[in-house]
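# Structural description and commentary
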Amino acid sequence: QSVLTQPPSASGTPGQRVTISCSGSTSNIRSNSVNWYQQVPGTAPKLLIYSNNQRPSGVPDRFSGSKSGTSASLAISGLQSEDEADYYCAAWDDSLDRYVFGSGTEVTVL
Amino acid sequence: EVQLVQSGAEVKKPGESLTISCKASGYSFTTYWITWVRQMPGKGLEWMGRIDPSDSYTNYNPSFQGRVTISADKSIDTAYLQWSSLKASDTAMYYCARLYLPPHAFDVWGQGTMVTVSS
């Protein structure tokens, strides 16, 4: 049972907008920055969003992050076939005193 | 180019010891913490712990405390993850990553080391 809750799957057709939610609590998402990682099957994860809504250099602006209260979300606009991957939210948890990942969401491009 | 290069895949028997490595290049090794992440087959990501290479100060996920040891040798820009007695349940892919503080984001990842423990 993950501390951060994500839907197991999401899908869309090319060009559509897909949103992935991440639900947490006051000890993690409300108190600390949320980061998002993308993992294409068979490869290492990659940092996609940090500090709730910042994109590292090289990440397309189709990816955006937001946070409100104890929830965060990742949006992918203009969905492309190369966006098929697993997406994980993550944050430090002050109560557990550890970094916690969400359960992961598998995005499929139909 | 900033890189983390991990050691190769390992196949071990239960009870054996193991150390895997993560060599950094392209940046000052002592400026950033290194973290380790486990991914069991078909499962999600789990944070194991982190180390400050400048003084080898470590923090562990309580779930892994006592089961693994994280260390670093700043003279050769390398971090390590060590087991003294492997179990079948340690079978997983292990990733090292550079920790960007704040916001506690892992901005550079190694390619992963697959550890298989089987009798």
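Basis of the calculations
- Residues numbered from 1 in each chain as written.
- Chains lettered and ligands numbered in written order.
- Predicted model: local features only at pLDDT ≥ 70, side-chain atom pairs only at ≥ 80, totals over all residues.
- Heavy atoms only, no water.
- Helix = DSSP H or I, 4+ residues; strand = E, 2+ residues; numbered from the N terminus.
- Rg over C-alpha atoms; globule rule 2.2 N^0.38 Å.
- Buried < 20%, exposed > 50% of the residue type's maximum accessible area, 1.4 Å probe, protein only.
- Areas by Shrake-Rupley, 256 points an atom, 1.4 Å probe, with all protein chains shown as cover.
- Lys, Arg positive; Asp, Glu negative; His and termini not counted.
- Charge placed at Lys NZ, Arg CZ, Asp CG, Glu CD.
- Contact = heavy atoms within 4.5 Å.
- Buried area = accessible area lost by both parts, 1.4 Å probe.
- Salt bridge = Lys/Arg side-chain N within 4 Å of Asp/Glu carboxyl O.
- Polar contact = N/O pair within 3.5 Å; in protein donor to acceptor, adjacent residues only side chain to side chain.
- Phe/Tyr/Trp six-rings, centres within 6.5 Å; stacked < 30°, edge-to-face > 60°.
- Lys NZ or Arg CZ within 6 Å of the ring centre and 35° of its normal.

Bringing the overall build of chain B into the picture now. Within chain B, the regular secondary structure consists of zero helices and 11 strands. Relative to the compact-globule value of 14 Å for 119 residues, chain B shows a C-alpha radius of gyration of 14 Å, a close match. Over its C-alpha atoms, taken along the principal directions, chain B stretches across nearly 40 × 25 × 25 Å. For chain B, the residues scored as buried account for 46% of the 119 residues in total. Only carbon and sulfur atoms are counted for the fraction: they give 48% of the accessible area of chain B, which is about 5300 Å². Here chain B contributes 10 positively and 10 negatively charged side chains, and the mean placements of these two sets differ by 7 Å.

Taken together, the contacts link 18 residues of chain A with 20 residues of chain B. A buried area of about 1500 Å², summed over both sides, lies between chain A and chain B, and 68% of it is on carbon and sulfur atoms. Together, Pro-45, Tyr-99 and Phe-101 of chain A form the three largest contributors to the area buried by chain A at its contact with chain B, with a combined 32%. The interface formed by chain A and chain B includes zero salt bridges. Summed over the shared surface of chain A and chain B, the result is seven residue pairs in polar contact (both at pLDDT 80 or more).

Take the packing of aromatic side chains next. Per the counting criterion, the structure on display carries 14 aromatic pairs over all chains. Considering the side-chain rings of Trp-92 of chain A and Trp-47 of chain B, the 5.4 Å spacing of their centres and the 75 degrees angle between planes classify their relative orientation as edge-to-face. With Trp-92 of chain A in strand β7 (residues 85–93) and Trp-47 of chain B in strand β5 (residues 45–52), this pair bridges two chains. Among the aromatic side chains, those forming a connected cluster through ring pairs are Tyr-37, Tyr-99 and Phe-101 of chain A together with Tyr-95, Phe-106 and Trp-109 of chain B. Above the ring of Trp-33 of chain B, the side-chain terminus of Arg-50 of chain B is found at 5.0 Å from the ring centroid. When the ring centre of Tyr-32 of chain B is taken as reference, the NZ or CZ atom of Arg-98 of chain B above it lies at 3.8 Å.

Residue Pro-102 of chain B is joined to Pro-103 of chain B through a cis peptide bond whose omega torsion reads 20 degrees. Within the fold, Pro-103 of chain B resides in the loop between β9 (92–100) and β10 (105–109). Look at Ser-51 of chain A: it is not a glycine, yet its phi comes out positive at around 50 degrees. Considering the arrangement of structural elements, one finds Ser-51 of chain A in the loop between β4 (46–49) and β5 (63–68).

What follows concerns the pattern of salt bridges. All names here are of chain A. With the rule as written, the count across this model stands at four salt bridges over all chains. Measuring nitrogen to oxygen at the nearest pair gives 2.6 Å for the salt bridge that ties Arg-62 to Asp-83. With Arg-62 in the loop between β4 and β5 and Asp-83 in the loop between β6 (71–76) and β7, this pair connects stretches of sequence that are 21 residues apart. The exposure class assigned to Arg-62 is buried, which follows from its relative accessible area of 14%.

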